[in-house]
Amino acid sequence: MNALAGGGLERREHALLPPRPGGALLAVERANICGSDVHVWRGGHPTLHDCVLGHEFVGRIVRTDGSPMVDARGEPLSEGDRLVCTYFRVCGTCVMCVLGRTHLCEHAYDSWAHSSLRRPHFRGAFASHYQMHPEQIRVKIPPGMPGELAALANCAVAQGLAVVDAIRPDLVDGPCLVIGAGALGLATVAGGSAMATWDVYDRVPARRRIAARFPNARPLHEVPPPAGTLGGVYDVVVVAAGSAESFVTALEQVRPGGQIIMMGIINTRPTDTVSFTPGVLTRKGVTVTSVIRYHQRHLIAAVDLLSGPTPLREIPLAEFTLDDIDDALAAAERHESGRVSLVPHPDKGGR
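Below is a short write-up of the structure.

Quick notes on the rules
- Residues numbered from 1 in each chain as written.
- Predicted model: local features only at pLDDT ≥ 70, side-chain atom pairs only at ≥ 80, totals over all residues.
- Heavy atoms only, no water.
- Disulfide = S-S within 2.5 Å.
- Buried < 20%, exposed > 50% of the residue type's maximum accessible area, 1.4 Å probe, protein only.
- Axes fitted to C-alpha atoms, helices over the stretch in contact; angles between N-to-C directions.
- Helix = DSSP H or I, 4+ residues; strand = E, 2+ residues; numbered from the N terminus.
- Parallel < 35°, antiparallel > 145°, perpendicular 65-115°, else oblique.
- Contact = heavy atoms within 4.5 Å.
- Nonpolar A, V, L, I, M, F, W, Y, C, P; charged D, E, K, R; others polar.
- Pairing = 2+ DSSP bridges.
- 1 Å grid on protein atoms, 1.4 Å probe; cavity = no way out; pocket = protein on both sides within 12 Å on 5 of 7 lines; lining within 4 Å.
- Points joined across faces, edges and corners; volume = space filled by probe spheres on them.

## Notes on the state of the cysteines
One covalent bond between the sulfur atoms of two cysteine residues makes up a disulfide.
Link 1 in the chain: Applying the stated criterion across every chain, the model contains 0 disulfides.
Link 2 in the chain: Considering cysteine sulfurs only, Cys-155 is the nearest to Cys-85, which forms no disulfide, with 12 Å between them.
Link 3 in the chain: A residue is classified by how much of its surface remains accessible, and Cys-85, at 1% relative accessible area, is buried.
Link 4 in the chain: With no disulfide of its own, Cys-105 lies 3.6 Å from the sulfur of Cys-91, the closest cysteine sulfur.

## Points about the packing of helix α4 (residues 153–166) against helix α9 (residues 296–307)
Link 1 in the chain: Relative orientation of the contacting elements α4 and α9 amounts to 110°, with a least axis distance of 8 Å. Accordingly, the angle class assigned to the pair α4 and α9 is roughly perpendicular. Of the residues in α9, those touching α4 at Ala-153, Asn-154, Val-157, Ala-158, Leu-161, Ala-162 and Asp-165 are Arg-297, His-298, Leu-299, Ala-301, Ala-302, Val-303, Leu-305 and Leu-306.
Link 2 in the chain: Residue classes in the contact of α4 with α9 are distributed as 11 nonpolar, 2 polar and 2 charged.

## Section: the sheet that holds strand β4 (residues 51–52)
Link 1 in the chain: With antiparallel pairing, the 3 strands of this open sheet are ordered in space as β2-β1-β4. The outermost strands of the open sheet, each flanked by one partner alone, are β2 (9–10) and β4.
Link 2 in the chain: When strand β1 (residues 2–3) meets β2, the two strands line up antiparallel, connected through 2 bridges. The partner of Asn-2 across the bridge, within β2, is Glu-10.

## Here's the deal with empty space enclosed by the protein
Link 1 in the chain: Applying the stated criterion to the full structure yields 2 cavities of 30 Å³ or more.
Link 2 in the chain: Estimated volume of the largest cavity: approximately 60 Å³.
Link 3 in the chain: In this structure, the largest cavity is lined by Ser-36, Asp-37, Val-40, Leu-48, Cys-51, Val-52, Leu-53, Gly-54, His-55 and Trp-112.
Link 4 in the chain: For the lining of the largest cavity, the elements supplying multiple residues, two or more each, are α1 (35–41) and β4.
Link 5 in the chain: Ranked by residues supplied to the lining of the largest cavity, first place goes to α1 with 3 residues.
Link 6 in the chain: Of the residues that constitute the lining of the largest cavity, the class distribution is 6 nonpolar, 3 polar and 1 charged.
Link 7 in the chain: Considering only enclosed or pocket space, the second largest cavity measures out at about 30 Å³ in volume.
Link 8 in the chain: Considering the residues around the second largest cavity, the lining is formed by Ala-181, Gly-182, Ala-183, Leu-186, Arg-207, Ile-210, Ser-337 and Gly-338.
Link 9 in the chain: For the lining of the second largest cavity, the elements supplying multiple residues, two or more each, are α5 (183–191) and α6 (205–211).
Link 10 in the chain: Looking at the lining of the second largest cavity residue by residue, the classes come out as 4 nonpolar, 3 polar and 1 charged.

What follows is the structure, encoded as structure tokens:
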């Protein structure tokens, strides 16, 4: 399914090409709809326009080029194995990669978010197949792991664990506020310190009901009133919502000496701006940390987290076929379920 400039989708059919050297052709088992997919569908994404949608998925290797292949743990991969992989690349040789900042690889999006007319065509997961580039990080899925759990690993859970990893050590057990009860916000709660108090604020009642299923989360329909310009309630405020206004809320709610972690706000359009007083940041002594993409260790940890008992199993799931993709995107936009999945091969149980 290829998104069109200005919004909407076009169904296209392409021949399956052999994988690149070191890459693999995957059959998509299921692909989740992320908030960014909805933005592209509506024509409201700041940079993505004509591209194949879908990046949070689990797939099965159906073809390789015959060369040895391993996952991020060093485990061998072969045809028939199920895996999750990053939607971005890590080249290992650019300035950012050499500095160890692989999540900021200068070639991260070279194989992603392109039109399906560009070979090898299958560049997104809202399709029957997916062409995995050799520079994409991948992790084998343990036998028996349900696809509906595995698909959460990239990007929601791995990204949430990267957020947790960014919390300052002196604040990890303090009172925390998460703005946004989507999969990213809930993944942050699930991977965070069990000693911390996690309040989860969301304006959507359905999302608050999902957050209530997490034993270490307290859903809020409104945030505490501001404790003065230089006051605050929380040691850490995680912005996992996409509205620019969330930053203003975070600045009001964070305590002096606390930390704001930015993840949900990715839009850079001229309309996605807010007004705030920069001096409040200085007076409060607040640390502002931005998190974009993640490291290899986070995807490994995400698979491990989903392999065991986790409240993330409580996130409700709605399933659609590729033929019903517009209905699926509309359901995701209405927040009718915690996660909405597309199953390209329903006759195979999503496998």
